[in-house]
Amino acid sequence: MTAGFRRLAPLATAAFVTAAGAATLAGAQPTNTPDGIIYHAEFQRLWDQNGDDWMAEDAEIQARLAELEAKHGKKPNIIHILWDDMRYGAVGHRMLTDISGYDAPNLEQMARDGASFTRMYTEPSCTPTRVAAATGRLAVRSGMIFPIFPIHRMGLPGSEVTIAEVVDDTYHTGFFEKAHFGDQEEGYVHNQGWDEAIFSLYNQFAGQMFTSDAENTGFSVAYSPDGYDKKYFMDDTFRPLEWMWTVEGFEGGETREFSTPSTFADYQDANARMWERTKDFVIRHADSDKPFMLQWWPNLYELADQDAMRPFTTQHGSATGESVKRMDAKIGELFTLLDELGIADNTIVIAMADNGPMEPVWPETGQNGFFRGGKNDVTEGGIRVPAFIRWPGVVEPGSVIGDIVHVSDLFNTFARISGRYDQIPRDRVIDGIDQTALFMMGDTHGRRDYVFTYKGTTLGSVVKQQFKRHFASSGGGLAGAEFFDLYKDPREEHPLMAEFLWSWAQFDAIVERHNAQIAEFPHTPVARGEPYTGVVRLADQ
């Protein structure tokens with residue numbers, strides 16, 4: 001843990017249970033799980049009904065994890081790959097990629113070697129999803145409610161506890177490419193527990209679109225002097241000219257600016273160098289006595305200079321298609337590296353998108369197919385994404401997992417697999433759920449049947465089992481046509497009302513319990529202040 005950014009220590013279980021026992025407002029559930037974690041109120045209800053069975057499963061899981069550790073000499077390595085803006089079904093299965101036009105044979109092989117998730121849920125946009133993955137908490141709880149851009153002067157609060165802090169010194173931890181945690185020093189990745197990192201403060205859009213190349217192709221307008229008002233211009237501070245894109249740091253060490261592109265070529269060069277460091281991280285720690293955890297969250301897509309991406313070799317016929325193909329080639333390179341290093345059998349790899357397609361840049365990222373909507377929407381098209389897991393000898397090859405999983409569940413699951421579950425904080429709500437049983441036992445062994453989705457600070461929808469309710473139109477009075485059966489209407493095009501009045505009060509109660517828990521454990525304010533503090537600029541290196 002980096003000095004200067006202190007986290008709250010996990011509370012003792014007994015003390016926590018006493019405090020949580022008072023959480024009865026509007027039906028809020030007291031903590032009733034044996035580990036003392038303040039889970040979401042809805043999970044606590046599931047635990048009441050299924051806890052005995054799950055504890056029996058956990059005993060089997062723990063024995064199996066111990067066998068694997070004895071076999072390999074250490075706990076499994078963990079690699080999480082998270083890319084941007086892709087609709088469900090765009091990659092992973094040949095029958096579907098023939099429809100999307102993408103060329104991603106290594107992800108198809110990953111699906112054959114492991115499992116495909118059909119109900120992997122994320123947040124509606126990139127910063128919230130990444131924060132949920134890192135902290136195990138809905139992003140609204142830390143104020144990280146939208147994609148942060150230059151120069152928002154905000155970031156992840158230092159009081160949030162990340163998965164890197166949970167595994168701490170038991171794992172080598174590395175983070176490369178897109179973090180998107182904002183521009184506040186307390187939120188820099190290496191100040192949030194990772195041993196080493198090269199990461200973007202913002203997203204890949206800023207990295208390539210704040211350039212003349214992007215203006216030449218129409219992806220950006222009026223950022224450069226050519227777009228200035230020629231007669232009445234008087235404020236040179238309106239455009240974010242003195243911004244910063246990626247920085248490099250080691251836990252407890254100096255923070256240095258890595259790259260702030262002024263051309264598309266600069267952007268490509270920075271990504272290439274970060275990819276080399278990603279592979280170097282794996283190579284350096286392959287033979288270590290400690291396992292490693294790697295977050296490789298690549299900067300997808302490369303759009304600003306179309307000519308630089310030609311020739312277009314995929315059926316998609318676009319820069320997006322080439323970006324996906326190049327990322328897929330890197331995934332294949334990573335799998336080959338794991339094989340060559342002899343560590344593939346003891347390495348868990350999860351690969352997934354962070355939200356649905358960014359429809360405003362159509363036809364590049366494409367529209368949704370199975371589902372309606374895209375990035376920034378609470379419909380399934382915005383939050384249900386392609387996702388795959390490979391864990392040789394554990395996950396059944398070619399299997400399909402239909403259980404509901406939320407990206408925040410990776411926090412708890414990685415904590416369980418790493419043997420550090422006792423380090424999850426006990427002083428705040430944890431939305432993530434341990435899905436190790438699902439990963440190791442397969443389909444139907446999930447522990448979630450609900451998803452809460454926020455758009456900004458507003459609760460946009462709740463999924464419960466196969467049903468979903470939208471809340472944007474709810475204004476009091478009789479419930480409206482805002483209920484959906486996701487099996488019968490996966491595109492959410494036929495809202496129902498009378499047919500689902502049996503669920504009206506039940507959904508209301510779910511939300512009341514959720515809000516009561518927020519009252520008991522209020523959200524943490526987002527970190528705000530001057531950006532880029534503590535960073536040595538490129539000009540000063």
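Residues numbered from 1 in each chain as written. Predicted model: local features only at pLDDT ≥ 70, side-chain atom pairs only at ≥ 80, totals over all residues. Heavy atoms only, no water.

S.K.: Explanation requested: the overall build of the chain in the structure shown.
M.R.: The secondary structure content of the chain amounts to 15 helices and 21 strands. In terms of overall size, the chain behaves like a compact globule, its C-alpha atoms giving a radius of gyration of 23 Å where 541 residues would be expected to give roughly 24 Å. Referenced to the eigenvectors of the C-alpha coordinate spread, the extents of the chain come out at roughly 65 × 60 × 50 Å. Expressed as a percentage of its 541 residues, the buried residues of the chain come to 60%. Taking the intrachain contacts of the chain between residues at least 6 apart in sequence as the baseline, contacts between residues at least 24 apart amount to 71%. By element, 53% of the accessible surface of the chain is carried by carbon and sulfur atoms, the whole surface being about 20300 Å². Of the charged side chains in the chain, 48 are positive and 78 negative, and the gap between their average positions amounts to 1 Å. (Helix = DSSP H or I, 4+ residues; strand = E, 2+ residues; numbered from the N terminus. Rg over C-alpha atoms; globule rule 2.2 N^0.38 Å. Buried < 20%, exposed > 50% of the residue type's maximum accessible area, 1.4 Å probe, protein only. Contact = heavy atoms within 4.5 Å. Areas by Shrake-Rupley, 256 points an atom, 1.4 Å probe, with all protein chains shown as cover. Lys, Arg positive; Asp, Glu negative; His and termini not counted. Charge placed at Lys NZ, Arg CZ, Asp CG, Glu CD.)

S.K.: Before we go on, may I ask you to explain the nonpolar core in this structure?
M.R.: Note that soluble globular proteins tend to have their nonpolar side chains buried in a common cluster. Counting residues in hydrophobic clusters, the biggest one holds 138 residues, and the most contacted among them are Trp83 and Leu107. The element best represented in this core is helix α11 (residues 319-341), accounting for eight residues. If sequence neighbours within four positions are ignored, Leu107 has contacts with Trp83, Val91, Gly92, Met327, Asp328, Ile331, Ala351 and Phe388. If you look at the next biggest cluster of nonpolar residues, it comprises six residues, including Tyr121, Ile383, Val451 and Val463. (Core = buried A, V, L, I, M, F, W, Y, C linked by side-chain atoms within 4.5 Å.)

S.K.: Help me understand the packing of helix α9 (residues 264-285) against α11 in this model?
M.R.: Pairs of packed helices are described in terms of their axes, by the angle between the two and the distance that separates them. For the pair α9 and α11, interaxial distance at closest approach is 10 Å and the crossing angle is 20°. In terms of orientation, α9 and α11 fall into the roughly parallel class. The two elements α9 and α11 cross, and the hand of that crossing is right-handed. Across the interface between the two elements, Gln268, Trp275, Lys279, Val282 and Ile283 from α9 touch Arg326, Lys330, Glu333, Leu334, Leu337, Leu338 and Leu341 from α11. (Axes fitted to C-alpha atoms, helices over the stretch in contact; angles between N-to-C directions. Parallel < 35°, antiparallel > 145°, perpendicular 65-115°, else oblique. Left-handed = near helix turned anticlockwise from the far one by under 90°.)

S.K.: Got a minute to help me understand helix α4 (residues 105-113) in this structure?
M.R.: Quick reminder: α-helices carry 3.6 residues per turn. Residues three or four places apart thus point the same way. Within α4, burial applies to Leu107, Glu108, Met110 and Ala111. Viewed along the axis of α4, the buried residues span an arc of 155°, placing them on a single side of the element. Of the surrounding secondary structure, the elements contacted by the buried residues of α4 are β2 (77-83), α3 (94-100), β3 (115-117), α11, β11 (347-353) and β12 (387-390). (Arc of directions from axis to C-beta.)

S.K.: How should I be thinking about the sheet that holds strand β18 (residues 467-470) in this particular structure?
M.R.: Sheets are built from strands paired through backbone hydrogen bonds, the pairs being either parallel or antiparallel. The strand order across the open sheet built from four strands is β16-β17-β18-β19, with neighbouring strands paired in antiparallel fashion. If you trace the sheet from one side to the other, it starts and ends with β16 (450-455) and β19 (483-485), each paired once. Along the sheet, successive strands turn relative to each other by an average axial angle of 20°, direction set aside. Of the pairings in the sheet, the one linking β18 to β19 comprises three bridges and is antiparallel in character. Bridge pairing in β19 links Arg469 to Phe483. (Pairing = 2+ DSSP bridges.)

S.K.: What should I look at first to understand the pairing of strand β10 (residues 292-297) in this one?
M.R.: Across a regular strand the side chains alternate sides, sitting on one face of the sheet and then on the other. Counted residue by residue, β10 has six buried out of six residues, so it is predominantly covered. Along β10, one buried face is formed by Phe292, Leu294 and Trp296 and the opposite face, lined by Met293, Gln295 and Trp297, is buried too.

S.K.: Looking at this structure, how should I read the sheet that holds strand β13 (residues 399-401)?
M.R.: If you trace the eleven strands from one edge of the open sheet to the other, you get β13-β3-β12-β11-β2-β10-β6-β7-β8-β9-β21, paired in mixed fashion. Two strands bound the open sheet, and with one partner strand each, they are β13 and β21 (535-536). With respect to the sheet, helix α5 (residues 126-135) is in contact with β2, β6 (172-178) and β10, its orientation differing from that of β2 by roughly 170°. Packed on one face of the sheet, α11 meets β2, β10, β11 and β12 and runs near 175° to β2.

S.K.: Explain the packing of aromatic side chains to me, please; I cannot follow it from the model alone.
M.R.: Note on aromatic pairs: each is described by the distance of the centres and the angle between the planes. In this structure the tally under the stated criterion is 30 aromatic pairs. Taking 5.2 Å as the distance between ring centres and 65° as the angle between the ring planes, the aromatic pair formed by Phe210 and Trp243 counts as edge-to-face. Placement of Phe210 in the loop between α7 (204-209) and α8 (212-216) and of Trp243 in the loop between α8 and β8 (246-250) is noted, with a sequence separation of 33 residues between them. Here Trp243 falls in the buried class, since its relative accessible area comes to 5%. Ring geometry for Trp245 against Tyr267: centres 5.3 Å apart, planes inclined by 40°, an arrangement best described as tilted. Of the two residues, Trp245 sits in the loop between α8 and β8 while Tyr267 sits in helix α9, which places them 22 residues apart along the sequence. (Phe/Tyr/Trp six-rings, centres within 6.5 Å; stacked < 30°, edge-to-face > 60°.)

S.K.: Could you clarify how one ought to interpret the environment of Glu257 in this entry?
M.R.: Relative to the assigned elements, Glu257 resides in strand β9 (residues 255-259). A residue is classified by how much of its surface remains accessible, and Glu257, at 7% relative accessible area, is buried. With 282 residues separating them in the primary sequence, Glu257 and Ala539 have C-alpha atoms 9.1 Å apart. In contact with Glu257, not counting residues within four places along its chain, are Met244, Thr246, Val247, Val535, Val536, Arg537, Leu538 and Gln541.

S.K.: How should I be thinking about the pattern of salt bridges in this particular structure?
M.R.: Working definition: two side chains of opposite charge can pair if their charged atoms are close together. The tally for this structure, following the rule as stated, stands at 34 salt bridges. Note that Lys75 is salt-bridged to Glu69, the shortest N-O span being 2.9 Å. Judged by relative accessible area, which is 25%, Lys75 ranks as partly exposed. Here Lys488 makes a salt bridge to Asp485, at a shortest N to O gap of 3.2 Å. For Asp485, a relative accessible area of 9% translates into the label buried. Each of Glu196, Glu248, Arg277, Asp280 and Arg284 takes part in a single network of salt bridges with overlapping partners. (Salt bridge = Lys/Arg side-chain N within 4 Å of Asp/Glu carboxyl O.)

S.K.: Can you walk me through α11 in this structure?
M.R.: The end-to-end C-alpha separation of α11 is 33 Å, in line with the 33 Å expected for 23 residues at 1.5 Å each. Two to three positions downstream of the cap, the backbone nitrogen of Thr320 sits 3.4 Å from a side-chain oxygen, assigning the N-cap of α11 to Ser318. Just downstream of α11 lies Gly342, where phi reads positive at about 75°. (Expected span 1.5 Å × (residues − 1). Polar contact = N/O pair within 3.5 Å; in protein donor to acceptor, adjacent residues only side chain to side chain.)

S.K.: Would you mind showing me how to read the environment of Pro147 here?
M.R.: Relative to the elements of secondary structure, Pro147 occurs in the loop between α5 and β5 (154-155). C-alpha of Pro147 to C-alpha of Arg130: the two residues are 17 residues apart in sequence and 10.0 Å apart in space.

S.K.: Explain the environment of Asn191 here, please?
M.R.: Here Asn191 lies in the loop between β6 and β7 (196-200). Separated by 66 residues in sequence, Asn191 and Glu257 have C-alpha atoms that sit 15 Å apart.

S.K.: Explain the side chain of Thr33 here, please?
M.R.: Relative to the elements of secondary structure, Thr33 occurs in the loop between α1 (13-20) and β1 (38-39). On the basis of relative accessibility, which here comes to 7%, the residue Thr33 falls in the buried class. A distance of 3.1 Å separates the side chain of Thr33 from the side chain of Asp35, its partner in a polar contact. Those residues in contact with Thr33, other than ones at most four positions away along the chain, are Tyr39, Phe43 and Trp47.

Scope: geometric values only; no functional claims are made or implied.
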